[in-house]
Structure formats: C-alpha cells, structure tokens
Amino acid sequence: MSKLFSKFSLALVAPAALLTVVVSALSASAQSMYTPVPLDSSNEITDTLTDSDIPTGFGGFARDYLVTFEAGDQVAIDLTSDEFDTIITLIGPDGATFGENDDGPDGTTNSLLFARITVPGSYIVRVRPYAGQGLGSFNLKVTRLRPI
C-alpha cells in the first residue's frame, strides 16, 4: 500500500511543481515586459501612441513615462496632440492616481495638469486618448515650477 501511495503522491507533486515553474516564468516575463520610459533631463518628449502600447481596458492604449519628484516640487504636466484627444494621469509611488486632466484651460482637447508633490519618489506620467479612441504623435512636457 505504501508503494502505491508514494507513486500516487509523486504523480500529484510533479505536475504541481511543473505548474509552479511555468507560472513563475510567465510572471517574470510579464513583469519584465512593463518598463515605463524614463524621461531624460529635459523632461520633454515627442513620441507616438500606437496599438503596441499598454492596453487600457477601455479599447485604447496608453504609454507610461517615469519621472522622479522631490517633496515640495510643484509641477505642470502638459500633453498636446493634433491627432487624438489627450488625457494625462499622474500615478504616485504607491500606484494610486495622484491627479488627472482631460482638457486643459485653453479650450482645446489637450491636457494640462498641475500638481504639488508631497511624497518624494518615482511617479508615472500616463498618456492616453479620451474614451480609448485615437493614436498618433504627441508632445509631453513636465515642468518644475519655481517661485519668482
């Protein structure tokens, strides 16, 4: 009976171990696929949103940029495009949405977000189209505001 039990146990353990290896490999692969684009020291980029970017779940796509802020920074994040209606989202170091803007104050479909940073760290600036509709080129600029 113990030989039967040990063979049966091995038959159960081997597939479970294989499943653990496969799930771990897939998880590592998925984690390495997501890498936000670091903004260079100019904090400005002209780029293109494509259907190869991050699916939003709303039928559209998003592109993420990594920016480091210090506590006390006051920033303006400006997103413009002639090809799609923009939405800008600022995501904090904890993964929560820190701020979002659809249409800026100039009456266009471009986006402008002002934020006062209270927690230092790496933030994600997410570029996406309104209602998940639109792709194309855009300009993103992050400006640290300074008192005069």
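Thresholds, definitions, all that
- Residues numbered from 1 in each chain as written.
- Predicted model: local features only at pLDDT ≥ 70, side-chain atom pairs only at ≥ 80, totals over all residues.
- Heavy atoms only, no water.
- Pairing = 2+ DSSP bridges.
- Helix = DSSP H or I, 4+ residues; strand = E, 2+ residues; numbered from the N terminus.
- Axes fitted to C-alpha atoms, helices over the stretch in contact; angles between N-to-C directions.
- Salt bridge = Lys/Arg side-chain N within 4 Å of Asp/Glu carboxyl O.
- Buried < 20%, exposed > 50% of the residue type's maximum accessible area, 1.4 Å probe, protein only.
- Polar contact = N/O pair within 3.5 Å; in protein donor to acceptor, adjacent residues only side chain to side chain.
- Contact = heavy atoms within 4.5 Å.

Draft legend 1. Focus on the sheet that holds strand β8 (residues 111-116). Read across the sheet, 4 strands follow the order β2-β10-β5-β8 without closing on themselves; strand pairing throughout is antiparallel. Strand pairing shows two members of the sheet lacking a second neighbour, β2 (44-49) and β8, which therefore form its edges. Here the average twist between neighbouring strands, direction ignored, is 20°. Bridge analysis of strand β5 (residues 74-80) against strand β10 (residues 136-144) gives 6 bridges, and the strand direction is antiparallel. Its bridge partner being in β10, Val75 is matched across the sheet by Arg144.

Draft legend 2. Focus on the pattern of salt bridges. Under the counting rule described, the total for this entry stands at 5 salt bridges. Residue Arg63 is joined to Asp47 by a salt bridge in which the shortest nitrogen-to-oxygen separation is 2.8 Å. Here Asp47 lies in strand β2 and Arg63 lies in strand β4 (residues 61-69), a separation of 16 residues in the sequence. Side by side, Arg63 and Asp47 carry an identical accessibility label, which is buried. With its nearest N and O atoms 2.8 Å apart, the salt bridge here joins Arg63 to Asp53. Taken together, the positions of Arg63 in strand β4 and Asp53 in the loop between β2 and β3 (54-55) put the pair 10 residues apart, joining distant regions of the chain. Asp53 shares its class with Arg63; the two are buried. Each of the salt bridges in this network shares a partner with another, and the network as a whole consists of Asp47, Asp53 and Arg63.

Draft legend 3. Region of interest: the side chain of Thr89. Relative to the helices and strands, Thr89 is located in strand β6 (residues 86-91). The exposure class assigned to Thr89 is buried, which follows from its relative accessible area of 4%. One polar contact links Thr89 to Glu100, side chain to side chain, over a distance of 2.7 Å. Not counting residues within four places of it along the chain, the set of residues in contact with Thr89 comprises Thr97, Gly99, Glu100, Ile124, Val125, Arg126 and Arg128.

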